[in-house]
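Reading the structure
Letter by letter, the chains look like this.
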Amino acid sequence: MSNLFRMAVLRNEVTNKKGWNARPLNICNFGFLIPMNSKKRVLITGAAGFLGSHLCDRFISEGFHVMGMDNLITGDKKNLEHLFGNENFEFFHHDVSSFVHVPGDVHYILHFASPASPIDYLKIPIQTLKVSSLGTHNLLGLAKAKGARILVASTSEVYGDPLVHPQTEDYWGNVNPIGPRGVYDEAKRFMEAITMAYHTYHKVETRIVRIFNTYGPRMRLNDGRVLPAFIGQALRGEDLTVFGDGAQTRSFCYVDDLIEGIYRLLMSDYVYPVNIGNPSEISILDFASEILKLTGANQKIIFKPLPKDDPKQRQPDISLARKILKWEPKVSRAEGLKITYGYFKTLSRDELYKREHKDFEAFSKK
Ligand code: UDP
C-alpha cells in the first residue's frame, strides 16, 4: 500500500467513526453554527475506474467534497493517487453490491461501478450482474434516505445489436438475455427500470445516462476493449487483431466530452435516459488502420473470429442531448487519440506486458 493510499484509508476510517456531525464547527457572520466544510457532497461509485476517476477530478474542480467508492476489482487506486492528499477527497474501499453506508450528508450520487469490457463480463459474470442490480438498488435506497439526486451509468448496450440506426433513446433494443453480453446488458436494463421505479414511486431525483464507447487516459490497457487492445499491440510490436471482417462499426467519444455531458445531465431536470457519445462512426477495420498510422507501427492487421452477439453497428443519435443539455462533443478522434496514445506511451514495460488483471481470481466465484 502506498503512503498516500494508506493516508486516505486512514482518514476514511476516522471520518467513518466520527461522522458528519463530529466535524469541526465554525461560527459564521450571522452567529449560526455551520459545518466548516459546507461543500456539496457527492458519492462516486467506481471511483478508481476509468470514468469514475475522471468524474472525481471534475467534481473536485467544481468545488465539491468527493467520496469515491470502489472495490478495486477492475479499478486501480493509481487512477486516484493524485487526489489522496486532497482534503476534499475521501476513499471508501467497498463493494456496492453489499449494503452501502456513508456518514453525513450526501447531495449527489453517481453510480459508475461496473466491469465495462466484454472480456471482463465473461470472467466475472455474477459480479457484473450484481453491481448494476443489487448495487443500483442499494444506491437508490441511499439516495432516498439522504434526499440525494442520483445519476446512474447506463449504456448503449441496452440497444443490444440494434435494428435502428443511429440509436435514439426511444428505441427499445435487441438484446439476447442469455448471450455472453446478457449479464451486462440485462443488468443495465434492470438498472434503468429500478431507477425509474424509484423516481415514480419514491419520488427520488434520478438521472440516466446511456454511455457509448468512450476512450482516453486511464483506460486499462489489458481490459480487452478495442482501443487499448490496438494501442497495446502497436506498442508491443504485435499484429493488430480485428475481430470478424472489421465491418462492424463503433463511434468513439473522448472522455472529457463525455464527462461534460454527464455533468450537464446531472444538473438538468431531465429524468429519462439520454444518449451521450460521439456520433462520428467508423468501422473497426478502418479504426485499426488509423491506429497503425497514429503509432507509426508497421505491423499487419490480422483477423480473428467475431465474438458471439457482437453488435454490427453503433452510433448515438444525440439530438436529445443537443436540445436539452446544449451539449455536443468537441474533441475530434484525431485529437483524442493523440492524447490517449501519449498516455499509453508513459506506461511502464510491466504494465504494457501485463495480460491479466490481478484481482479477478478472488472474485470470480462470488
Ligand atoms: N475488437 C476487435 N479487436 C480487438 C478487440 C475488439 O476487432 O482486439 C472489436 C469487437 O469485436 C467489437 C469492437 O471492436 O466489434 C469494439 O469492441 P469493444 O470490446 O471495445 O467494445 P464493444 O463496443 O463491443 O462493447
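Preceding block: the structure.
Here's a quick rundown of the structure. Only a predicted model underlies this, so the values are computations on that prediction, with no experimental measurement involved. (Residues numbered from 1 in each chain as written. Predicted model: local features only at pLDDT ≥ 70, side-chain atom pairs only at ≥ 80, totals over all residues. Heavy atoms only, no water.)

1. Here's the deal with the sheet that holds strand β6 (residues 108-111)
- If you walk across this open sheet you meet the seven strands as β5-β4-β3-β6-β7-β8-β13, and the pairing is parallel. Of all strands in the sheet, those bounded by a partner on one side alone are β5 (89-93) and β13 (274-276). Each neighbouring strand pair of the sheet contributes to a mean axis angle of 20°, computed without reference to strand direction.
- Relative to strand β4 (residues 65-70), strand β3 (residues 41-45) runs parallel, the two sharing five bridges. Following the sheet pairing, V42 is matched in β4 by V66.
- Of the strands in this sheet, β6, β7 (149-155) and β8 (206-211) are in contact with helix α5 (residues 182-202), which crosses β7 at around 155°. (Pairing = 2+ DSSP bridges. Helix = DSSP H or I, 4+ residues; strand = E, 2+ residues; numbered from the N terminus. Axes fitted to C-alpha atoms, helices over the stretch in contact; angles between N-to-C directions. Contact = heavy atoms within 4.5 Å.)

2. Quick notes on the packing of aromatic side chains
- All told, the structure shown has 13 aromatic pairs when counted by the stated rule.
- With centroids separated by 4.4 Å and ring planes inclined at 10°, the aromatic side chains of Y121 and Y184 adopt a geometry described as stacked. In this pair, Y121 sits in helix α3 (residues 118-123) while Y184 sits in helix α5, placing the two residues 63 residues apart along the sequence. Neither residue differs from the other here; Y121 and Y184 are each classed as buried. (Phe/Tyr/Trp six-rings, centres within 6.5 Å; stacked < 30°, edge-to-face > 60°. Buried < 20%, exposed > 50% of the residue type's maximum accessible area, 1.4 Å probe, protein only.)

3. Topic: helix α7 (residues 255-267)
- The terminal C-alpha atoms of α7 lie 19 Å apart, and with 13 residues this matches the ideal 18 Å at 1.5 Å per residue to within 8%.
- What α7 keeps buried is the set V255, D257, L258, I259, G261, I262, Y263, L265 and L266. (Expected span 1.5 Å × (residues − 1).)

4. Things to note about the pattern of salt bridges
- Enumeration over the complete set of coordinates arrives at 21 salt bridges.
- Salt-bridge contacts for E238 lead to R236; the nearest nitrogen and oxygen are separated by 3.0 Å.
- Judged by its relative accessible area of 24%, E238 is partly exposed.
- Close ionic contact of K300 with D239 constitutes a salt bridge, the shortest N to O distance being 3.4 Å. With K300 in the loop between α8 (284-295) and β15 (301-304) and D239 in the loop between α6 (226-236) and β10 (240-243), this pair connects stretches of sequence that are 61 residues apart.
- For K300, a relative accessible area of 53% corresponds to the exposed category.
- What makes D239 partly exposed here is its relative accessible area of 24%.
- Bridged by salt links that share partners, the residues E157, R181, R250, D310 and R314 form one connected network. (Salt bridge = Lys/Arg side-chain N within 4 Å of Asp/Glu carboxyl O.)

5. Considering the site of the ligand
- Residues in contact with the ligand amount to 18 residues; listed here are only the nearest, T241, F243, R250, D310 and R314.
- Here an oxygen atom of the ligand and a side-chain polar atom of E157 are 3.4 Å apart.
- One nitrogen or oxygen atom from the side chain of R314 is found 2.7 Å from an oxygen atom belonging to the ligand.
- In isolation the ligand exposes 520 Å². Once the protein is present, 95% of that is buried.
- Looking at the shell around the ligand, the elements that each hand over two or more residues are α6 and β10. (Near = heavy atom within 4 Å. Polar contact = N/O pair within 3.5 Å; in protein donor to acceptor, adjacent residues only side chain to side chain. Areas by Shrake-Rupley, 256 points an atom, 1.4 Å probe, with all protein chains shown as cover.)

6. Re α8
- In this model, α8 (12 residues) spans 16 Å end to end at C-alpha, consistent with the 16 Å of a helix rising 1.5 Å per residue.
- Those residues of α8 that sit buried are I284, F287, A288, I291, L292 and T295. For α8, the arc enclosing every buried residue in end-on projection is 145°, short of the 170-degree limit, so these residues lie on one face.
- Buried positions along α8 lie against α6, β10, β11 (249-251), β14 (281-283), β15 and α10 (333-345).
- G296, located one to two residues past α8, shows a positive phi value of around 70°. (Arc of directions from axis to C-beta.)

7. Digging into the nonpolar core
- Of all hydrophobic cores here, the largest spans 64 residues; its most connected members are F59, L110 and F112.
- If you tally residues by element for this core, the top one is α7, at seven residues.
- In contact with F59, other than residues within four places in its own chain, are V42, I44, F64, V66, L110, Y263, L266 and M267.
- Within the second largest apolar cluster, 25 residues are counted, among which are M69, V96, M191 and V271. (Core = buried A, V, L, I, M, F, W, Y, C linked by side-chain atoms within 4.5 Å.)

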